[in-house]
Amino acid sequence: MSVIAVVGLATMGMNLARNLARNGFGVSVYNRTTSRVDDFMKQYATEGAFTPAHTPQELVAQLEKPRRILMMVKAGSPVDETIDHLAPYLEAGDILIDGGNSYYVDDIRRAKELAPRRIEYLDVGTSGGVWGLDRGYCLMIGGEEVAVKRLDPIFAALAPGASSIPRTPGRGKTGGGTAEQGYLHCGPHGAGHFVKMVHNGIEYGIMAAYAEGLGVLHAANVGKQQQTSDAETAPLRDPEHYRYDFNLPEVAELWRRGSVIASWLLDLSAAALVGDPTLEGFAGRVSDSGEGRWTIQAAIDEGVPVPVLSTALYQRFSSRGKADFQGKMLSALRHQFGGHVEKPPGK
């Protein structure tokens, strides 16, 4: 019998299942597209005690009671559909865990819907990305304390552990709680995904800051370029002040070493620039999966100003062409009041 099931075998679900197996847990794996289950078993069966399941009923039958099922599916209706498919085979005391990026309001609703059947529901914000398989996962947990404690060995195994990061000065010799281990019971239903939501909102802001700063360095040789001289272009007053050809991979690497802006996201920036210094492999269309929007909505409801996070979210919209109409409107207005003719692209 398996100790836990993982439902959803995209990158995160697949790696979480492998991480659990590496830590000695028996893991049942299931995916709505069952060919993914077969592909997973062909590739990773020798890594641990995996058991494949091709139907929800088969999956539930493979699990020790009380059952523990970790759902790693897309936020929104796929989570509700997964719960609907699994719930008929579950019993009182079984635990459903949503480890994806669900909206915390949905967690509150789902927990209420499952409560009459005494099926436990936990929302677990999971951070670590594709690196979590080896580095471990930061886990932000919401739900009833009794259910959280029952899963403590699993959370402890998935988290990176205290040794991965130096202790924060002032926490004392013994520390306390599980935060130092990389997982935390944040509060009642929805609390885990609320914390993860804000975490991702902050992530938007940090990423935007690195991108904008490196963009200024990237353009610091503008003074070497031929300058356009016409009524529609603000002149570069002192071209000699902008004649630097910065080596961005080297600058990013430099900042990783002792700089106050060092972080894992900077590490990843440096890695990206080493692999593609001019980033020609990217079109610059930046997606947002929802958490940034939800963070801004929560900030509005709370009356908390978040100008950095808001701007970072709107920049992502602009990157996908969502500001094109506004740009056209501005050009139309300039033409209306001043007869300004729009310059062709690239000019």
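For clarity, every value in this text was computed on a predicted model and none was experimentally measured. The residue numbers shown here count from 1 along each chain, following its written sequence. Side-chain atom pairs in this predicted model are given and counted only at pLDDT of 80 or more, local residue features only at pLDDT of at least 70, and totals for whole chains, interfaces and linings cover all residues. To get the side-chain values, all heavy atoms of the structure are used, and hydrogens and water are removed first.

Peer 1: Describe helix H10 (residues 248-255), with residues and values.
Peer 2: Among the residues making up H10, those that are buried are Leu248, Pro249, Val251 and Ala252. Along the long axis of H10, the arc covered by the buried residues comes to 165°, so they all point the same way. With respect to the buried face of H10, the exposed residues turned more than 90 degrees away are Glu250 and Leu254. Against helix H9 (191-218) and helix H11 (264-275) lie the buried residues of H10. Exposure categories follow from relative accessible area, calculated using a 1.4 Å probe and restricted to protein chains: below 20% of the type maximum is buried, above 50% is exposed, and the middle band is partly exposed. Elements are defined by DSSP. Helices are runs of H or I of four residues or more, strands are runs of E of two residues or more, and each kind is numbered from the N terminus. In this description, one arc is meant: the one made by directions from the helix axis to the C-beta atoms. What makes two residues a contact is simply this: any of their non-hydrogen atoms within 4.5 Å.

Peer 1: Hey, could you go over the packing of aromatic side chains for me, with residue numbers and the actual values?
Peer 2: Aromatic rings from Phe, Tyr and Trp, taking only the six-membered ring of Trp, are treated as a pair when their centres fall within 6.5 Å; an angle between ring planes under 30 degrees marks them as stacked, one over 60 as edge-to-face, and anything in between as tilted. Counted by the stated rule, this structure contains 8 aromatic pairs. With a centroid separation of 5.3 Å and an interplanar angle of 80°, the aromatic rings of Tyr103 and Tyr104 are classed as edge-to-face. Among the residues examined, Tyr103 registers a relative accessible area of 23% and is labelled partly exposed. Residue Tyr104 is classed as buried on the basis of its relative accessible area of 19%. Joined through ring pairs, the aromatic side chains of Tyr103, Tyr104, Phe194 and Trp294 make up one cluster. It is Arg135 that lies over the ring of Trp264; its NZ or CZ is 4.1 Å from the centre. Here, over-ring charges are defined by two tests on the NZ atom of lysine or the CZ atom of arginine: distance to the ring centre within 6 Å, and angle to the ring normal within 35 degrees. Across the ring face of Tyr204, the terminal group of Arg316 is positioned such that the distance to the ring centre comes to 3.6 Å.

Peer 1: Any chance you could break down the sheet that holds strand E2 (residues 27-30) for me, citing the residues and the numbers?
Peer 2: Two strands qualify as a pair provided that DSSP identifies no fewer than 2 bridges between them. If you walk across this open sheet you meet the 8 strands as E3-E2-E1-E4-E5-E6-E7-E8, and the pairing is mixed. Strand pairing shows two members of the sheet lacking a second neighbour, strand E3 (50-52) and strand E8 (183-187), which therefore form its edges. Each neighbouring strand pair of the sheet contributes to a mean axis angle of 25°, computed without reference to strand direction. Two elements, E2 and E3, share 3 bridges in a ladder whose sense is parallel. Its bridge partner lying in E3, Val27 is registered against Phe50. Contacting strand E5 (95-98) and strand E6 (120-127), helix H5 (residues 104-114) runs over the sheet at an angle of about 155° to E6. Geometry is summarised by axes, namely lines fitted to C-alpha atoms with helices restricted to the contacting stretch, and by angles between N-to-C directions that run from 0 to 180 degrees. Against the sheet, H9 contacts E5, E6, strand E7 (138-142) and E8, and its axis sits at roughly 20° relative to E6.

Peer 1: So what's going on with the environment of Gly8? Which residues, and what values?
Peer 2: Position of Gly8 relative to the elements: it lies in the loop between strand E1 (4-7) and helix H1 (11-22). Classification of Gly8 as buried rests on a relative accessible area of 5%. Sequence separation between Gly8 and Gly100 is 92 residues; the distance between their C-alpha atoms is 9.9 Å.

Peer 1: Help me get a handle on the environment of Ser2, residues and values and all.
Peer 2: Tracing the sequence through the fold places Ser2 in the segment before E1. Judged by its relative accessible area of 2%, Ser2 falls in the buried class. Sequence-wise, Ser2 and Val60 are 58 residues apart; in three dimensions their C-alpha atoms are separated by 9.7 Å. Residues in contact with Ser2, not counting those within four places in the same chain, are Gly26, Val27, Ser28, Thr51, Gln62, Leu63 and Glu64. In the analysis that follows, any N or O atom pair within 3.5 Å is treated as a polar contact, provided that within protein one partner can donate a hydrogen and the other can accept it, and provided that, for residues neighboring in sequence, both atoms belong to side chains. Here Ser28 takes part through its side chain, which lies 2.8 Å from a polar atom of the side chain of Ser2.

Peer 1: So, the state of the cysteines: which residues are in play, and what are the values?
Peer 2: What counts as a disulfide here is a pair of cysteine sulfur atoms lying within 2.5 Å. As enumerated under the stated definition, the model contains 0 disulfides in all. Of all cysteine sulfurs, the one in Cys186 lies closest to Cys138, which takes part in no disulfide; the gap is 8.4 Å. Among the residues examined, Cys138 registers a relative accessible area of 35% and is labelled partly exposed. Cys186 sits in the partly exposed class, given a relative accessible area of 28%.

Peer 1: Provide a residue-level description of the pairing of E7, including the pertinent values.
Peer 2: Most of E7 is tucked away, with 4 of its 5 residues classed as buried. Where E6 lies against E7, 5 bridges are found, and the strand directions are antiparallel. Bridging across to E7, Gly125 finds its partner in Met140. Bridge count for E7 against E8 is 4 bridges, and the pairing is parallel. Opposite Leu139, over in E8, you have Tyr183 as the bridge partner.

Peer 1: Describe the side chain of Arg110, naming the residues involved and giving the relevant values.
Peer 2: In this fold, Arg110 is placed in helix H5. A polar contact of 3.3 Å, which involves the side chain of Arg110, links it to the side chain of Ser102. Apart from the residues within four sequence positions on either side, Arg110 is in contact with Gly76, Val79, Asp80, Ile83, Asp98, Ser102 and Tyr121.

Peer 1: Kindly report on the pattern of salt bridges, identifying the contributing residues and their values.
Peer 2: Salt bridges, as used here, are contacts in which a Lys or Arg side-chain nitrogen is within 4 Å of a carboxyl oxygen on Asp or Glu. Tallied over the full model, the rule gives 20 salt bridges. Of the charged contacts, one joins Asp106 and Arg109 as a salt bridge, the two residues approaching to 3.7 Å between their closest N and O atoms. Linking Asp106 with Arg109, this pair stays in helix H5, spanning 3 residues, or about one helical turn. Taking the relative accessible area as the measure of exposure, Asp106 reaches 21% and is therefore partly exposed. On the accessibility criterion, Arg109 (31% relative accessible area) is partly exposed.

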